[in-house]
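# Breakdown of the fold
Below are the chains, spelled out letter by letter.
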Amino acid sequence: MAHMAFTVGFDLDMTLIDSRPGIRACYLALSERTGTYIDADLAVTRLGPPLAEELVNWFPAEEVAAVADLYRAMYPTIAIEATPALAGAREAIAAVREAGGRAIVVTAKYEPNAKLHLAHLGLEPDAVIGDLWAEQKAEALREHGAAVYVGDHVGDVRGARTAGALSVAVATGPCSPEELRAAGADVVLTGLSEFPGWLSDYRPARA
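The sections below set out a description of the structure shown in this document. This structure is a prediction, so every number in the text was calculated from the model and none was measured.

What follows is about helix 1 (residues 20-34). Taking 1.5 Å of rise per residue, 15 residues should cover 21 Å, and helix 1 covers 21 Å from first to last C-alpha, within 8% of that figure. Among the residues making up helix 1, those that are buried are Gly22, Ile23, Cys26, Tyr27, Leu30 and Ser31. On its buried face, helix 1 sits against helix 2 (40-43), helix 3 (51-55) and helix 4 (64-79). Immediately beyond the C-terminal end of helix 1, within one or two residues, lies Gly35, with a positive phi of roughly 75°.

Right under this line is the structure:
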């Protein structure tokens with residue numbers, strides 16, 4: 001009996017891409033544009049949560065929505081070219097495909113900008129779903145039938161667990177392996193370069 005191809009979800013920032021250079025540049029430009037000080041070096045050490053959760057550290061709450069719109073509008077011309085893929089990103093997506101699966105991206109990033117990053121880097125997942133953070137990610141993971149979700153943040157672990165997906169964490173973002181394990185990650189890898197080997201072992205185990 002044929003069974004459905006399994007689906008693997010990936011986070012974007014600090015999982016598939018090193019967005020720190022682009023986001024840092026965008027925060028510096030935003031600071032210059034608004035005349036408001038932003039410690040861009042500090043901000044890029046805590047990537048993962050939605051933009052508004054960072055902006056509220058630098059702007060009055062009533063200004064955050066408008067400033068977020070400005071940031072997102074500036075982002076494509078400043079951040080996309082400055083952002084490389086992380087080691088193993090292409091190989092991880094390819095490994096899912098070679099195993100007969102589907103690879104999707106589920107991210108808290110503004111969806112149009114997430115798609116720009118992927119297109120610029122030539123990464124072609126089967127679907128991209130943006131504007132979802134932590135437990136909210138479970139909505140997309142369930143909708144697409146994801147059996148595995150790969151991310152770098154404890155919020156990603158929570159999203160996977162809420163969706164009933166296996167949580168595979170990569171220690172390439174702001175959270176340490178110990179934090180990821182404590183949050184409930186089923187598997188912790190140093191980075192996506194280890195993912196194809198893990199996947200090849202996981203599939204026979206599933207079968």
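In this section: the pattern of salt bridges. Pairs can form between side chains of opposite charge whenever their charged atoms are close. Here the structure, examined in full by the defined rule, presents 10 salt bridges. In this structure, the salt-bridge partner of Lys109 is Asp13, at a minimum N-O distance of 3.2 Å. Of the two residues, Lys109 is situated in the loop between strand 2 (102-106) and helix 6 (111-121) and Asp13 in the loop between strand 1 (7-10) and helix 1; the sequence distance between them amounts to 96 residues. Ionic pairing is found between Asp156 and Lys137, a salt bridge with its closest N-O pair at 2.7 Å. With Asp156 in helix 8 (residues 154-163) and Lys137 in helix 7 (residues 137-143), this pair connects stretches of sequence that are 19 residues apart. With respect to burial, Asp156 and Lys137 carry one shared label: buried. A single network of salt bridges, built from pairs that share partners, joins Asp11, Lys137 and Asp156.

Moving on to the packing of helix 1 against helix 4. Packing of helix 1 against helix 4 brings their axes to within 9 Å, and their N-to-C directions diverge by 125°. Overall, the two elements helix 1 and helix 4 adopt an arrangement that is oblique. The way helix 1 lies across helix 4 gives a crossing that is right-handed. Mapping the contact onto sequence places Gly22, Ile23, Ala25, Cys26, Tyr27, Ala29, Leu30, Arg33 and Thr34 in helix 1 and Val67, Leu70, Tyr71, Met74, Tyr75, Ile78 and Ala79 in helix 4. Class assignment of the residues belonging to the contact of helix 1 with helix 4 gives a composition of 13 nonpolar, two polar and one charged.

On to the environment of Val150. You can see Val150 is positioned in strand 4 (residues 146-151). Between the C-alpha atoms of Val150 and Ala160, which are 10 residues apart in sequence, the distance is 8.2 Å. Once residues within four sequence positions are removed from consideration, Val150 is found in contact with Val8, Gly9, Phe10, Asp11, Thr15, Val168, Val170, Leu192 and Phe195.

One finds Phe10, Leu16, Val150, Leu192, Phe195, Trp198 and Leu199 to be the most contacted residues of the largest nonpolar core, which totals 30 residues. Breaking this core down by element, the ones donating at least two residues are strand 1, helix 5 (89-98), strand 2, helix 6, strand 4, strand 5 (166-170), strand 6 (187-189) and helix 10 (195-206). The dominant element in this core, judged by the number of residues it contributes, is helix 5, at five residues. Apart from the residues within four sequence positions on either side, Phe10 is in contact with Leu16, Ala92, Ile93, Val96, Ala103, Ile104, Val105, Val106, Tyr149, Val150, Leu192 and Phe195. Counting 22 residues, the second-largest nonpolar core is a separate cluster that includes Met14, Tyr27, Ala40 and Phe59.

A separate point is the sheet that holds strand 6. The strand order across the open sheet built from six strands is 3-2-1-4-5-6, with neighbouring strands paired in parallel fashion. Of all the strands in the sheet, the pair left with one neighbour each is strand 3 (127-129) and strand 6. On average, each strand axis in the sheet is inclined to that of its neighbour by 20°, with strand direction left out of account. Direction of pairing for strand 1 relative to strand 2: parallel, over a ladder of four bridges. Pairing of Thr7 across the sheet is with Arg102, part of strand 2. Lying over the sheet, helix 6 contacts strand 2 and strand 3, oriented at roughly 140° with respect to strand 3.

Conventions we followed
Residues numbered from 1 in each chain as written. Predicted model: local features only at pLDDT ≥ 70, side-chain atom pairs only at ≥ 80, totals over all residues. Heavy atoms only, no water. Helix = DSSP H or I, 4+ residues; strand = E, 2+ residues; numbered from the N terminus. Expected span 1.5 Å × (residues − 1). Buried < 20%, exposed > 50% of the residue type's maximum accessible area, 1.4 Å probe, protein only. Contact = heavy atoms within 4.5 Å. Salt bridge = Lys/Arg side-chain N within 4 Å of Asp/Glu carboxyl O. Axes fitted to C-alpha atoms, helices over the stretch in contact; angles between N-to-C directions. Parallel < 35°, antiparallel > 145°, perpendicular 65-115°, else oblique. Left-handed = near helix turned anticlockwise from the far one by under 90°. Nonpolar A, V, L, I, M, F, W, Y, C, P; charged D, E, K, R; others polar. Core = buried A, V, L, I, M, F, W, Y, C linked by side-chain atoms within 4.5 Å. Pairing = 2+ DSSP bridges.

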